[in-house]
Amino acid sequence: MPTLTRPRNDPRQYDDLADQWWPPRGAFAALQWLAVARARLVPAPAGPSALLLDLACGGGLLAPHVRGYRHVGVDLGERAVHVAREHGVTVLRGDVLRLPFRTGCADVVVAGEILEHVADVEGVVAEAARVLRPGGTFVCDTLADTWICRLVMVSLAERVRTVPAGIHDPALFVDPERLKAACRQQGIALTVSGLRPRLSDALAWLVHLRADVRMVPTRWTGMVYQAAGVKA
Ligand SMILES: C[S@@+](CC[C@H](N)C(=O)[O-])C[C@H]1O[C@@H](n2cnc3c(N)ncnc32)[C@H](O)[C@@H]1O
């Protein structure tokens, strides 16, 4: 795992690590596992023109799991955008707080592992809701604003190098109730559930007996959690 020298939560870190998006044992391996879990919340496309907007799409890890959608991403990262394009995503460079999409255009809006990187969660949710059509689905996952999540995902994970050092700012982790309230304000009733790695997979992955780790739902939302809701 490369050592980073940027300030904590500096988005340029993703450019520094652009070759890490897709290797199964790379710095972003856990994002690959989360993309599989995220896709389980995405409804089947209604038709060939169904549009899925992937906010902060990174290297396009969702692409293999949402076939059938027109998969359009937006991300700040110059190199991430190139990587995502190589994997079939149509990508614009831009900020999740000012989406370059027209109001009501999307059937599905996905915000995977981005809300814990922005101070203005309500602003991102408002933008997601703006571009989502009525009856469309919002899907997201993020890290919980709890001491144990900060301990595990920052202090411990950075020490044992299972996440890149400095990639998270623990002050930005998101309380599920705050996220639900932000969505409610936008007419989206969110259903939230926790996610955890399947223990046997994680052990097998650690000793190189598995290429991936399956993320399974759990009632506890104090660590990683995912959520979905339909816009009224
Ligand atoms: C943890 S990665 C998640 C990537 C992808 N959603 C996934 O789960 O594989 C966070 C991504 O957010 C992007 N990002 C951070 N702040 C952003 C912003 N304000 N607007 C757009 N993208 C942003 C970074 O460039 C990075 O690609």
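Since we're looking at a predicted model, the values are computed, not measured.

A. Looking closely at the pairing of strand 2 (residues 70-75). A large share of strand 2 lies buried, amounting to five of its six residues. With four bridges joining them, strand 2 and strand 3 (residues 90-93) adopt parallel strand pairing. Pairing of Asp75 across the sheet is with Arg93, part of strand 3. Taking the sense of rotation as the criterion, the β-α-β connection linking strand 2, helix 3 (residues 78-86) and strand 3 turns out right-handed.

B. Layout of the site of the ligand. Among the 18 residues in the neighbourhood of the ligand, the closest are listed as Ala56, Asp75, Asp95, Val96 and Gly112. Here a nitrogen atom of the ligand sits 3.3 Å away from a polar atom, N or O, in the main chain of Leu76. Contacts to the ligand include Asp95, whose side-chain N or O atom sits 3.0 Å from a nitrogen atom. Contact with the protein chains removes 96% of the 590 Å² of surface that the ligand exposes when unbound. Split into classes, the residues belonging to the shell around the ligand amount to nine nonpolar, five polar and four charged.

What counts as what
Residues numbered from 1 in each chain as written. Predicted model: local features only at pLDDT ≥ 70, side-chain atom pairs only at ≥ 80, totals over all residues. Heavy atoms only, no water. Buried < 20%, exposed > 50% of the residue type's maximum accessible area, 1.4 Å probe, protein only. Helix = DSSP H or I, 4+ residues; strand = E, 2+ residues; numbered from the N terminus. Pairing = 2+ DSSP bridges. Right-handed = clockwise from strand over helix to strand, strands pointing away. Near = heavy atom within 4 Å. Polar contact = N/O pair within 3.5 Å; in protein donor to acceptor, adjacent residues only side chain to side chain. Areas by Shrake-Rupley, 256 points an atom, 1.4 Å probe, with all protein chains shown as cover. Nonpolar A, V, L, I, M, F, W, Y, C, P; charged D, E, K, R; others polar.

Geometric values such as these leave the question of function open.
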